[in-house]
Amino acid sequence: MADKQHTFREITSQPAAWAETVGFMMAQSATVRDAWTSLQHTSVLFVGCGSTYYLSQTAAALFQELTGIPARGVPASELLLFPELVLADPGQTLLVAISRSGTTTETLLAVERFRQSGGPAVWAITCYPHSELAAAADLVLVAEAAQEKSVVQTRSFSSMLVLAQGFAAAIGGENVSLLQQLPQLGQELLDRSLSPMELLGRRSDLDRVFFLGSGPQYGIANEGMLKMKEMSLSHSEAFHFLEFRHGPKSLAGKESLVVGLLSQRAYSSERQVLAEMMQLGAAVLEITPGEPLDRSVQSLQLPLVLPAWARLPLYLLPLQLLAYYRTISRQLDPDNPRNLGAIVTLDPAGFTADFKQRDTIH
Ligand code: F1P
């Protein structure tokens, strides 16, 4: 059955999609670097919706980490409806709009709003080079090989992440060609993840899933949460690792699975949170650059041959498989999630009343 599903094919074809995307990115690195140098901007704002909003969070954290230039990731709707809260100095801000389809209404309107506010430069990250978003942007990074038939984003998300990595690395002076190792490392991790994620995904005793991630991993934890929700209709939430202690852990217990996206940088602090959740009876899955926490924990180790910034897409593979197998075991169709379409298209006229209201207030 799995081989007939778009979602499964798209998850397992990620290494091939990454290989093409890295090739594109390497060819574009000098252009990206030169374009950035000629802008001389002082900040970057990443926007998207749904999965691409979560990708914006990770892209912003990574960009600031590699370049030292302030960056934020926000929902496109925040830029559209509350521009003054996210844009301190539009003239000095590069807007990076991320959208798989390149046609989501909020993202397109946010770009328009940014231009109207005096924002001079818009770059796009998308899977469709001829989309409306691509046409509206000054520079376009495309993961064409990652286009999807499935409603939920899997290989598109990870491939657009590869573009965001290449973009940050090119501007931050990192070695973009390290990303060439991702396809092989991804294939190895996929092979290692399939059967443990199937076993875990089929556990009907678990009725809620928490995803924990810090730093650039937080956006990926959110994406894991969204996959679990969209596909398997399960109660899922994402938190920064240490935030989990400040209230949410009251929901942790025998019926919960806590998925930890451990980092090298904050390893001990994050690991301690997982150890505490085990003591509360929660099942734990760790995706880790370090040693397994305990024999009773399901642990998937990340290869250390790549620096932390370059290995980010690897975290996604087990998360997507876990959501996929849980969907199957709940006899749901991963290709056709409930109430969802691949693109949210709205009538722009629907925003007019709020724009007028805002212009009157200011
Ligand atoms: C974004 C998005 C998806 C979500 C849903 C509708 O689209 O919100 O993240 O899964 O199916 O679309 P895009 O702007 O990235 O094309």
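This report concerns the structure included in the present document. Computed from a predicted structure; not experimentally measured.

Over its 18 residues, helix α8 (residues 155-172) runs 25 Å from end to end, which matches the ideal 26 Å to within 8%, given 1.5 Å per residue. For α8, a buried count of 17 out of 18 residues is recorded, marking the element as mostly surrounded by other parts of the structure. In the segment just after α8, Gly173 is the residue with positive phi, at about 75°.

Right, let's get into the packing of aromatic side chains. Scanning all chains against the criterion turns up 11 aromatic pairs. Relative to Tyr54, the ring of Tyr53 lies with its centre 5.1 Å away and its plane at 40°, an arrangement referred to as tilted. Looking at Tyr54, the relative accessible area reads 14%, which means it is buried. Pairing Phe210 with Phe244 gives two aromatic rings, centres 5.1 Å apart and planes at 55°, and the pair type is tilted. One end of the pair, Phe210, is in strand β6 (residues 208-213); the other, Phe244, is in the loop between β7 (235-239) and β8 (256-261), with 34 residues separating them in the sequence. As far as the burial class goes, Phe210 and Phe244 line up, both buried. Site record: aromatic cluster; members linked through ring pairs are Trp36, Phe46, Phe63, Trp123 and Phe167.

Another point: the packing of helix α9 (residues 182-201) against helix α12 (residues 316-329). Remark: α9 packs on α12, axes separated minimally by 8 Å, with the N-to-C direction vectors making an angle of 35°. For the pair α9 and α12, the crossing hand works out as right-handed. Where α9 abuts α12, its residues Gly186, Leu189, Leu190, Ser193, Leu194, Met197, Glu198, Leu200 and Gly201 lie against Leu317, Pro318, Leu321, Leu322, Tyr325, Arg326 and Ser329. Residues of the contact of α9 with α12, tallied by class, amount to 10 nonpolar, four polar and two charged.

Lining the immediate surroundings of the ligand are 13 residues, of which Ser51, Ser99, Ser101, Thr104 and Glu230 lie closest. Cys49 is positioned with one of its backbone polar atoms (N or O) 3.5 Å from an oxygen atom of the ligand. Interatomic distance of 3.0 Å between a side-chain N/O atom of Thr52 and an oxygen atom of the ligand. For the ligand, whose accessible area on its own is 390 Å², the fraction buried by protein is 94%. Of the residues contributing to the shell around the ligand, the split by class is three nonpolar, eight polar and two charged.

Cut-off values and rules
- Residues numbered from 1 in each chain as written.
- Predicted model: local features only at pLDDT ≥ 70, side-chain atom pairs only at ≥ 80, totals over all residues.
- Heavy atoms only, no water.
- Helix = DSSP H or I, 4+ residues; strand = E, 2+ residues; numbered from the N terminus.
- Expected span 1.5 Å × (residues − 1).
- Buried < 20%, exposed > 50% of the residue type's maximum accessible area, 1.4 Å probe, protein only.
- Phe/Tyr/Trp six-rings, centres within 6.5 Å; stacked < 30°, edge-to-face > 60°.
- Axes fitted to C-alpha atoms, helices over the stretch in contact; angles between N-to-C directions.
- Left-handed = near helix turned anticlockwise from the far one by under 90°.
- Contact = heavy atoms within 4.5 Å.
- Nonpolar A, V, L, I, M, F, W, Y, C, P; charged D, E, K, R; others polar.
- Near = heavy atom within 4 Å.
- Polar contact = N/O pair within 3.5 Å; in protein donor to acceptor, adjacent residues only side chain to side chain.
- Areas by Shrake-Rupley, 256 points an atom, 1.4 Å probe, with all protein chains shown as cover.

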